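# Examining the three-dimensional arrangement
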Amino acid sequence: MKSRTSFFSWPVFKKDITRFLPLWVIYLVGMLLIVVSTVSVGGHRNPARELGRGIGALALINFTFALISAQLLFGELFKSRLCNALHAMPVRRETRFISHVLAGLSFGVIPNLIIALLIMPILETFWFTSLLWVGAMTLQYLFFFGVAVLAMLLCGSRFATVLMYFLINFLAMVVLWFIETIYLPMTPGVVINYNIFHQFVPFVEMPSQVNYFIIELPKNIGVEEWQSAQFIGFGESWGYLLICAGVGIGMLALAFCAYRRRALETAGDFIAVKGIRPVFLVLYTLCSGAFLSIFGSLFTVFRSVFVSSDGNSGIYWIFLLVGLIGGFFVGKMLLARTIRVFQWKSFLHLGILTIALLLTLAAAKLDVLGIVRYVPDAQSVQNVRLNGSYHSTIKFEDETEIQGVCRLHQMAIEDNCDRTCGKRHSEVMLEYQLKNGWVVKRIYTVCKDSTADWMLEALSK
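For every chain, the first residue of the written sequence is number 1, and numbering continues from 1 onward in sequence order. Only residues with pLDDT of at least 70 are given local features in this predicted model, and only at 80 or more are side-chain atom pairs given and counted; all residues enter the totals for whole chains, interfaces and linings. Remark: hydrogens and water are excluded; side-chain values derive from all non-hydrogen atoms of the structure.

## Examining the overall build of the chain
Going along the chain from the N terminus, every DSSP run of H or I of four or more residues is numbered as a helix, and every run of E of two or more is numbered as a strand. Check the secondary structure of the chain and you find 17 helices and six strands. Using a 1.4 Å probe on the protein chains alone, a residue whose accessible area is under 20% of its type maximum counts as buried, one over 50% counts as exposed, and one in between counts as partly exposed. Looking at the chain as a whole, 44% of its 461 residues are labelled buried. The long-range fraction of contacts in the chain, counting pairs at least 24 apart against all pairs at least 6 apart in sequence, stands at 73%. Per-residue accessibility takes into account occlusion by the displayed protein chains alone, with areas from the Shrake-Rupley method and a 1.4 Å probe. Working note: accessible area of the chain is about 24,400 Å², and carbon and sulfur atoms make up 65% of it. The criterion used for residue contact is that any of the two residues' heavy atoms lie within 4.5 Å.

## Regarding a positive patch on the surface
Excluding any residue in a salt bridge, patches collect residues exceeding 30% relative accessible area, merging like charges within 9 Å and nonpolar Val, Leu, Ile, Met, Phe, Trp and Tyr side chains within 5 Å. A pair is scored as a salt bridge if a Lys or Arg side-chain nitrogen falls within 4 Å of a carboxyl oxygen belonging to Asp or Glu. Counted charges follow a simple rule, with Lys and Arg positive, Asp and Glu negative, and His plus the chain ends left uncounted. For this purpose, a charge sits on NZ of Lys, CZ of Arg, CG of Asp or CD of Glu. A cluster of basic residues, Lys 15, Arg 19, Lys 79 and Arg 158, forms a positive patch on the protein surface. Tracing the backbone through its elements, the reader meets Lys 79 in the loop between helix 4 (59-73) and helix 5 (80-87). Given the relative accessible area of 53%, Lys 79 is considered exposed.

## Topic: the packing of helix 7 (residues 129-154) against helix 8 (residues 158-169)
Lines fitted to C-alpha atoms define the axes, with helix axes restricted to the stretch in contact, and inter-axis angles between N-to-C directions lie between 0 and 180 degrees. Running from amino to carboxyl end, helix 7 crosses helix 8 at an angle of 130°, the nearest separation of the two axes being 8 Å. With respect to helix 8, the axis of helix 7 lies oblique. Crossing hand, helix 7 versus helix 8: right-handed. In contact with Phe 143, Phe 144, Val 147, Ala 148, Leu 150, Ala 151, Met 152 and Leu 154 of helix 7, helix 8 contributes Thr 161, Met 164, Tyr 165, Ile 168 and Asn 169. Any angle from 65 to 115 degrees is called roughly perpendicular, while one under 35 is roughly parallel, one over 145 is roughly antiparallel, and all others are oblique. Definitions for this section: a left-handed crossing has its near helix turned counterclockwise from the far helix by less than a right angle. A right-handed crossing has that turn clockwise.

## A closer look at the pattern of salt bridges
All chains considered together, the criterion is met by eight salt bridges. Asp 367 serves as the salt-bridge partner of Arg 373, at 3.2 Å between the closest nitrogen and oxygen. Residue Asp 367 is classed as buried on the basis of its relative accessible area, which comes to 8%. Ionic pairing is found between Lys 395 and Glu 397, a salt bridge with its closest N-O pair at 3.5 Å. With a relative accessible area of 40%, Lys 395 lands in the partly exposed category. Here Glu 397 falls in the exposed class, since its relative accessible area comes to 54%. Each of the salt bridges in this network shares a partner with another, and the network as a whole consists of Arg 92, Glu 94 and Arg 260.

## As for helix 12 (residues 237-261)
One less than the residue count of a helix, multiplied by 1.5 Å, gives the span that helix is expected to have. Helix length check: helix 12 (25 residues) gives 37 Å between terminal C-alpha atoms against 36 Å at 1.5 Å per residue, within 8%. Buried within helix 12 we find Ser 237, Trp 238, Tyr 240, Leu 241, Cys 244, Ala 245, Gly 248, Met 251, Leu 252, Ala 255, Ala 258 and Tyr 259.

## Some points on unusual backbone geometry
Positive phi values are uncommon outside glycine, yet Arg 337 reaches one of about 55°. Mapped onto the elements of the fold, Arg 337 is located in the loop between helix 14 (315-336) and helix 15 (344-365). Note on Arg 337: relative accessible area 53%, which makes it exposed. One non-glycine residue, Asp 367, adopts positive backbone phi at about 55°. Mapped onto the elements, Asp 367 comes out in the loop between helix 15 and strand 3 (381-388).

## Concerning the nonpolar core
Each nonpolar core is a collection of buried residues, namely Ala, Val, Leu, Ile, Met, Phe, Trp, Tyr and Cys, held together in the definition by side-chain atoms within 4.5 Å. Judged by nonpolar contacts, the single largest core of 85 residues is most densely connected at Phe 74, Phe 107, Trp 133, Phe 145, Val 149, Leu 153 and Tyr 165. Broken down by element, this core gets its largest block of residues, 19 residues, from helix 7. Val 381, Leu 408, Tyr 432 and Leu 434 belong to the second-largest nonpolar core, a separate cluster that totals 21 residues.

## Considerations on the packing of aromatic side chains
Here a pair means two rings of Phe, Tyr or Trp (six-membered ring of Trp) with centres within 6.5 Å. Their orientation is stacked below 30 degrees between planes, edge-to-face above 60, and tilted elsewhere. According to the stated counting rule, one finds 28 aromatic pairs in the structure shown. Residues Tyr 165 and Phe 166 carry aromatic rings whose centres are separated by 6.2 Å and whose planes lie at 90° to one another, so their mutual orientation is edge-to-face. Assessed through its relative accessible area of 38%, Phe 166 is described here as partly exposed. Put simply, the rings of Phe 63, Phe 143, Phe 144, Tyr 165, Phe 166, Phe 170 and Phe 203 pair up and form one aromatic cluster.

## Points about the side chain of Thr 129
Examined against the element boundaries, Thr 129 turns out to sit in helix 7. In the analysis that follows, any N or O atom pair within 3.5 Å is treated as a polar contact, provided that within protein one partner can donate a hydrogen and the other can accept it, and provided that, for residues neighboring in sequence, both atoms belong to side chains. A distance of 2.6 Å separates a polar side-chain atom of Thr 129 from the backbone oxygen of Phe 126.

## Details of the environment of His 100
Within the element layout of this structure, His 100 appears in helix 6 (residues 93-123). It is 6.4 Å that separates the C-alpha atoms of His 100 and Phe 13, two residues lying 87 residues apart in sequence. His 100 has contacts with Val 12, Asp 16, Leu 73, Phe 74 and Glu 76, leaving out every residue within four places of it along the chain.

## Observations concerning a nonpolar patch on the surface
Nonpolar side chains collect at one region of the surface, where Leu 21, Val 25, Val 29 and Leu 33 lie side by side and expose about 360 Å² of accessible area between them. Tracing the sequence through the fold places Leu 33 in helix 2 (residues 21-39).

## Overview of a negative patch on the surface
Taken together, the side chains of Asp 377, Asp 398, Glu 399 and Glu 401 make up a negatively charged region of the molecular surface. Tracing the sequence through the fold places Asp 398 in the loop between strand 4 (394-396) and helix 16 (399-415). Residue class for Asp 398 comes out partly exposed when judged on its relative accessible area of 41%.

## Comments concerning the environment of Leu 459
When you line up the elements, Leu 459 lands in helix 17 (residues 451-460). Residues Leu 459 and Phe 396, spaced 63 residues apart in sequence, show a C-alpha to C-alpha distance of 9.8 Å. Ignoring sequence-local partners within four residues, the contact set of Leu 459 consists of Leu 386, Ile 394, Phe 396, Gly 404, Val 405 and Leu 408.

This is the structure:
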């Protein structure tokens, strides 16, 4: 007769709870002090509204707490002897994983539930908003905990786990920084929309989300009249929070699959999953090259020696190449845990990566995608804002005026004024609001007495 399969182990769960109980106490006391100080503000403010506004800022605490919880619960995977000993016991990997995850989720739910019960008297009429606060905090913690567990299962050491955790959370910001450092200098006038990248970084976006509880307050509210206010609905911030929680659940599912296939002998390795190693190596190499290129450009003493044909400092490119070489082989050493990485295959892979980067840089310089040369069609523009260095911002909505701004845009591209040309110059900022909802923003340098400068003066009158 086939025995019943269990996906939960009470002894493992209980051991996690009792072993790391001090972590609960620290989190409970610290969070309680923060929440009580938030809802106990004086004046005419509504405590429930202040509680809702403080949810986003608490993401900074959950970010750290989730990483610590995952590090403690899955720390057994980093020590070879302990890892082999525990996995030799008659407890299935699926059972161990789910028990650890449930214990980790209880770390973030139970303390907050206790806090919600304690602050109910302070909220008075809106006591039920404390339960909504628990729900929001759980969704928030679920995202960060899912990312932390996935980082644990992808890596084989604690240091690598912390690095991977930050890399996953701030991947969009890393991509933004790399584009700004390497590609943006090749595309004059182009401005990146930071808001798009911030949406993919909950650590940055969550604190800006403050609309959770919609509280309707009477006009000219008095000291005691706040009790007559009515709770009328959920704020728009819940949508973003639910999406983040769904991503966190997906991260836990990926971590579950990685745990089932994880080789025990990878304990102590920098990256435990072979398929992730090339991705990490490429990211580490590119970021090392970009960082060193910025560092090299600070040495102004070399600029008179290394100068490229277009007037830019050639030391930038030398340091970029050195950073790529150094980053590649240091990354190889971290992954292989040895300094013997200088084989011909390594040089071949580095050469392929360098050639691929140079090709993309050439494509950006030649504007293969037409991003630099792009000028919106006047008929597709709803309105455009024009701002010059010596003029206030002007908004144009008439199609004829928009056509004039588009011609100014075209002239600014063709003039291609350089700050180092020795002429007086000014900056002009163009921000198009397209009818399809897209926003196109450009900033150009306009030389004095150029065609673009004359058109700017005419449009500013």
